Each structure stands twice: as structure tokens, then as C-alpha cells.
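# Results of the structural survey
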Amino acid sequence: MQHTSKLPNLETSIFSVMSDLARTHNALNLSQGFPNFKGDQKLIDLVCKAMNDGYNHYAPMLGVLKLREAIASKYDFLYGSSYNPENEIIITSGATQAISSAITAFVKPNDEVIVFRPAYDCYIPTIELNGGKAISVQLNTPDFKVDWQEVKQKINSKTKMIIINTPHNPSGTVFSDEDMLQLQELTRNTNIVVLSDEVYEHIIFDNEKHQSLCLFPDLKSRSFITASFGKTFHNTGWRVGYCCAPRDLMEEFIKMHEFSVFSINHPIQVALVAYLKNPNHYLDLSGFFQQKRDLFLNLIEGSRFKFTPSKGTYFQSLDYSQISTENDFDFAVRLTKEKKIASIPTSVFNEDKVNHKMLRFCFAKTDDTLKRAAEILTQI
Ligand SMILES: Cc1ncc(COP(=O)(O)O)c(C=O)c1O
């Protein structure tokens, strides 16, 4: 059979490449972004209970109403921002589906979408699948700050969407309120839709405040926020996330959702309603991961890697420029094969794979794994 690929240039995901390599070479895997410890038993028990209680058929298309109400209360409690649970919040199959549906709902052929690089890997293929064009704004080491003048220059009549991600994967940096205000000014009185990927909303360090897009009313009126229970509650395989947007944007989103996934895992939604009653389940997360970041960084303090401590997410970028002149992909492969530790070479998220000599390590790991990782890294 002959066919033409819709994404001819798409390569195998770097997460699969590095995780496969880690398995083959029996290496410690700090590449892919998920914990190697079990999530809260209380939540697992709540899911089992929901299954036993009979919540095993289709959930409502937008999600269990009580869960949407719980999410609305969370936005009110954390940010004083209101979303109507009836028509401005939808439960999705992880943030990935939320991102995909939001892009698909709005990006038409020849539309332009501004994407900050390094960018999480699902944005650009989805833009291209819809005939859109990704316009990159490269963030450079060491601080990964946005040059808003460059963004301004790249906005034109074809700009349909701008995608932001804070806290940012892979750099571990966060947007300041000044960044959000700049974005708000640049998009004011335009038809640009903003997609704010906030999956690491609850993992933010050193008393930084998460600048959720919903804190900026004019921005909020044109934007989607996408979020992930998988990231927040240590169960990325359950594939449950959510998306919030004003009603007019959400109406278009729902059209994409209805005929791709229709509705999301029912017992997990029922369990999350009960679990979200205790805000400490998400409020304690920053402290929990900050302790892991600090453990990891204290242990590699004497190594030849250079770093700026991550401000959010559960990723730490390490600069290996004092160690090797290899490009980051080759270096990451060699570390996996020879030193038995796997990471992600961050150039894959950059425009033209520009190489900053940075590797991304995931510290959502047991303390024991982090100690073993540090032992290896300090000997390189
Ligand atoms: C920045 C970012 N956005 C979205 C996702 C996808 O989240 P989910 O697993 O809920 O689909 C990830 C997962 O690693 C991510 O790092």
C-alpha cells in the first residue's frame, strides 16, 4: 500500500529513545518525566472503591460535574479566579489531549503559532498536523528569558495562537508576572488565542508564586489553561487532566473532544472528587519536590556539571560544557551506555536542534535513586 505521511519528518520521541536505551544498557533512568515511586494509596483505594461502586460506564462528556466543581473551587481558592464548571471546564485524557484539542479547534492551514523553544514535544506536530506553521522564539541559556521584543516582531495577521509553558519543561524556569503582563499587552485587542500549559503548576520552588494565566483578566479572556492530574498526583499512566477556558473558546474545544475521546475514565474522576477535598494533596507537592531537588543538587555540588537550580517542574538541567565537546545527544547516549545513567539531551526541543550542552535529569525519583545518580555524576 502506498501512502504519504502527514508528518513525514517526525522522529521517534526522545523519551522512547532514551528509555529504551536505558533498559538495554541497564542504566539508571532519569530521562522520562515520571516518578519511580507509588502514588498515594488513599487515591488508589478511592479509585478501587469507585469501580466497586459501579462507576464503570461512560462519564458525562465534559467530565463528572462534581470534579469540574472541585476544579473551579481550586481556581477560586488559589487565584481568586472563576471558571463556570457547567461550561468552562472539561476533563481530558491527560494534558496532551487538552493541548491537542485546543490547537486543533483553532489552528487552520497557514495559521502561525508562536512557540518558545525548547518546547515540550507535542506542540509542534499538532500544529503541523492542522496545516499550521510553528514560529519559534528560542530561549537561551543560562536564564531562558523571553525576549518580548522578538515576540512582538513575530506577531502578524497570521498569528493565531501563542503557546506558553510555566513552570517550563525542560529548563525548570518560571514566567514572572512581568512576563505575563508583556504577553497580555502584546495580545490585547487581537484575535490571538493563548494556550497556557500549566501541568507543573503545583511544583514550584523557593517561594516563587505560580503566575497562572487566569490571574490576568484580559489574557484569561482569550486563553486555554491545560493541566494534568497525572503530574500532580504521581500517576501519569491514568491519563486524566483538564482544560479551562472562557465559554466561547470552550464551545469549539468540545467539538474536537466529542469525536476524538468523547469522555474520560469514570472511576478515576469519581475518586479525584473525594481526593481534592484535602488541598494539602496538591499544596504539599512543592515542598516534597524541593527536598528532592535540594538533595540531588547538594550531592552533585562537587561535580564538573554546572547548574542553576530548577525553579519549578521536576527537572534539573545540567551543563556539561566543562566535561565534553560532544553534542548533547551523543553525550547522553554515551553516558547511558558507559556510565549507566540516562537523561534527555535538550537540543531536541530547540529550533534546528541548537546545542546548549545541557542534559535534563528528572528528580521525581526515590532518594535512593537520586543518591545513586549523584554517585555516578560526581565521577564523570
Ligand atoms: C510541559 C508538559 N506538558 C504536557 C505534558 C503532558 O501531560 P500529560 O501526561 O497529562 O498528558 C507533559 C508531560 O511530560 C509536559 O511535560
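In what follows, the structure referred to is the one given above.
The following refers to the structure shown. Note that the structure is a prediction, hence the values are computed from the model and not measured. (Residues numbered from 1 in each chain as written. Predicted model: local features only at pLDDT ≥ 70, side-chain atom pairs only at ≥ 80, totals over all residues. Heavy atoms only, no water.)

### Re the site of the ligand
- If you check the shell around the ligand, you find 13 residues, and the closest are Thr 96, Asp 197, Tyr 200, Ser 228 and Lys 231.
- Between the ligand and the protein, one listed contact pairs an oxygen atom with a backbone N or O atom of Ala 95 at 2.8 Å.
- With respect to the ligand, the side chain of Lys 231 contributes an N or O atom lying 2.8 Å from an oxygen atom.
- Computed on the free molecule, the ligand has an accessible area of 390 Å², of which 94% lies beneath the protein chains in the complex.
- The cavity that encloses the ligand is the second largest pocket.
- Here the shell around the ligand takes four residues from helix α4 (residues 94-106), the largest share from any one element.
- Counted by class, the shell around the ligand contains five nonpolar, five polar and three charged residues. (Near = heavy atom within 4 Å. Polar contact = N/O pair within 3.5 Å; in protein donor to acceptor, adjacent residues only side chain to side chain. Areas by Shrake-Rupley, 256 points an atom, 1.4 Å probe, with all protein chains shown as cover. 1 Å grid on protein atoms, 1.4 Å probe; cavity = no way out; pocket = protein on both sides within 12 Å on 5 of 7 lines; lining within 4 Å. Sits in = over half its atoms within 2 Å of the grid points. Helix = DSSP H or I, 4+ residues; strand = E, 2+ residues; numbered from the N terminus. Nonpolar A, V, L, I, M, F, W, Y, C, P; charged D, E, K, R; others polar.)

### A short note on the packing of helix α2 (residues 41-52) against helix α11 (residues 266-275)
- At a closest axis distance of 8 Å, the pairing of α2 and α11 adopts a crossing angle of 130°. With respect to α11, the axis of α2 lies oblique. In this structure, α2 meets α11 at a crossing whose hand is right-handed. Along the contact surface, α2 presents Lys 42, Leu 43, Leu 46, Val 47, Ala 50 and Met 51, while α11 presents Pro 267, Ile 268, Val 270, Ala 271, Leu 272, Ala 274 and Tyr 275.
- A per-class count over the contact of α2 with α11 returns 12 nonpolar, no polar and one charged. (Axes fitted to C-alpha atoms, helices over the stretch in contact; angles between N-to-C directions. Parallel < 35°, antiparallel > 145°, perpendicular 65-115°, else oblique. Left-handed = near helix turned anticlockwise from the far one by under 90°. Contact = heavy atoms within 4.5 Å.)

### Observations concerning the pairing of strand β9 (residues 315-319)
- Taken across its five residues, β9 has five buried, putting it largely inside the fold.
- Of the two faces of β9, the one lined by Phe 315, Ser 317 and Asp 319 and the one lined by Gln 316 and Leu 318 are each fully buried.
- Here five bridges tie β9 to strand β12 (residues 358-362), and the two strands are oriented antiparallel to one another. Bridge pairing in β12 places Ser 317 opposite Arg 360. (Buried < 20%, exposed > 50% of the residue type's maximum accessible area, 1.4 Å probe, protein only. Pairing = 2+ DSSP bridges.)

### Focus: helix α15 (residues 367-377)
- Every buried residue of α15 is listed here: Thr 369, Leu 370, Ala 373, Ala 374, Ile 376 and Leu 377. Buried residues of α15, viewed axially, fall in a sector of 160°; they line one side.
- Looking at the buried residues of α15, the elements they touch are β1 (28-29), α13 (285-299), β9, α14 (328-339), β10 (341-342) and β12. (Arc of directions from axis to C-beta.)

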